[in-house]
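Residues per chain, in single letters:
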Amino acid sequence: MTSKDNSKAALIDSLNGLLADTFALYVKTKNFHWHVRGPQFHDLHLLFDAQATEVFALTDLIAERVRKLGGTTLTSIGAIAAKTTIANEDDTSLDAQAMVKALFDDNTAYVATLKATKELAGEAGDNATDGIIDDWTDQAEQRAWFLREIIA
């Protein structure tokens, strides 16, 4: 395998990790949308839903980048669970601030994953992935910013 093939394989693997994190972040954000309670319920319920919708929209774009590069994508919940770095949160009794903090941390980590994937795209000479990741990063930074401003 040539170094260009190795770079492309590393990029595909990184994109699949990003895809797993995107699915996991979507589910976690929806979980918090469904279970948030307290004085900020209305605003957070709507914010979490809007953020979940934005995150879910990325799943197809990321998977299609993998396919365009000749790779295969994640095929199951198990494959997602095996590759994600987003921690599960099954405690439905978390208070609203804990939810906001968890999503802030996850979106901040997601930005770091995006930046690492962008670097691999550059190494692989994949200008399309390199360019589109800038938009995804801006979206994630905005989600993190909105969440950061809520944290008491």
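Caption draft 1: Here's a closer look at the overall build of the chain. Secondary structure assignment for the chain yields 5 helices and 0 strands. Going residue by residue from the N terminus, the α and β elements of the chain occur as α-α-α-α-α. Relative to the 2.2 N^0.38 estimate, which gives 15 Å for 152 residues, the radius of gyration of the chain is 16 Å and therefore close to what a compact globule would have. The proportion of buried residues among the 152 residues of the chain is 41%. In the structure as shown, the chain presents an accessible area of about 7,900 Å², 56% of it carried by carbon and sulfur atoms. A distance of 4 Å separates the average location of the 14 positive side-chain charges in the chain from that of its 23 negative side-chain charges.

Caption draft 2: Representation of the pattern of salt bridges within the structure. Using the criterion set out here, one finds 10 salt bridges in the structure. One salt bridge connects aspartate 49 with lysine 30, and the closest N-O pair in it is separated by 2.6 Å. You can see aspartate 49 sitting in helix H2 (residues 41–68) and its partner lysine 30 sitting in helix H1 (residues 3–35), a full 19 residues away along the chain. A salt bridge links aspartate 126 to arginine 65, with the nearest nitrogen and oxygen atoms 3.2 Å apart. Taken together, the residues aspartate 126 in the loop between helix H4 (96–124) and helix H5 (127–150) and arginine 65 in helix H2 connect sequence positions 61 residues apart. On the basis of relative accessibility, which here comes to 11%, the residue arginine 65 falls in the buried class.

Caption draft 3: Inspection of the nonpolar core at higher detail. Of all hydrophobic cores here, the largest spans 38 residues; its most connected members are Phe48, Ile62 and Tyr110. If you list the elements that add at least two residues to this core, you get H1, H2, helix H3 (77–83), H4 and H5. No other element matches H4, which puts 11 residues into this core. Ignoring anything within four residues of it in the chain, the contact list for isoleucine 62 reads Leu15, Leu18, Leu19, Thr22, Tyr110 and Trp136.

Rules of the game
Residues numbered from 1 in each chain as written. Predicted model: local features only at pLDDT ≥ 70, side-chain atom pairs only at ≥ 80, totals over all residues. Heavy atoms only, no water. Helix = DSSP H or I, 4+ residues; strand = E, 2+ residues; numbered from the N terminus. Rg over C-alpha atoms; globule rule 2.2 N^0.38 Å. Buried < 20%, exposed > 50% of the residue type's maximum accessible area, 1.4 Å probe, protein only. Areas by Shrake-Rupley, 256 points an atom, 1.4 Å probe, with all protein chains shown as cover. Lys, Arg positive; Asp, Glu negative; His and termini not counted. Charge placed at Lys NZ, Arg CZ, Asp CG, Glu CD. Salt bridge = Lys/Arg side-chain N within 4 Å of Asp/Glu carboxyl O. Core = buried A, V, L, I, M, F, W, Y, C linked by side-chain atoms within 4.5 Å. Contact = heavy atoms within 4.5 Å.

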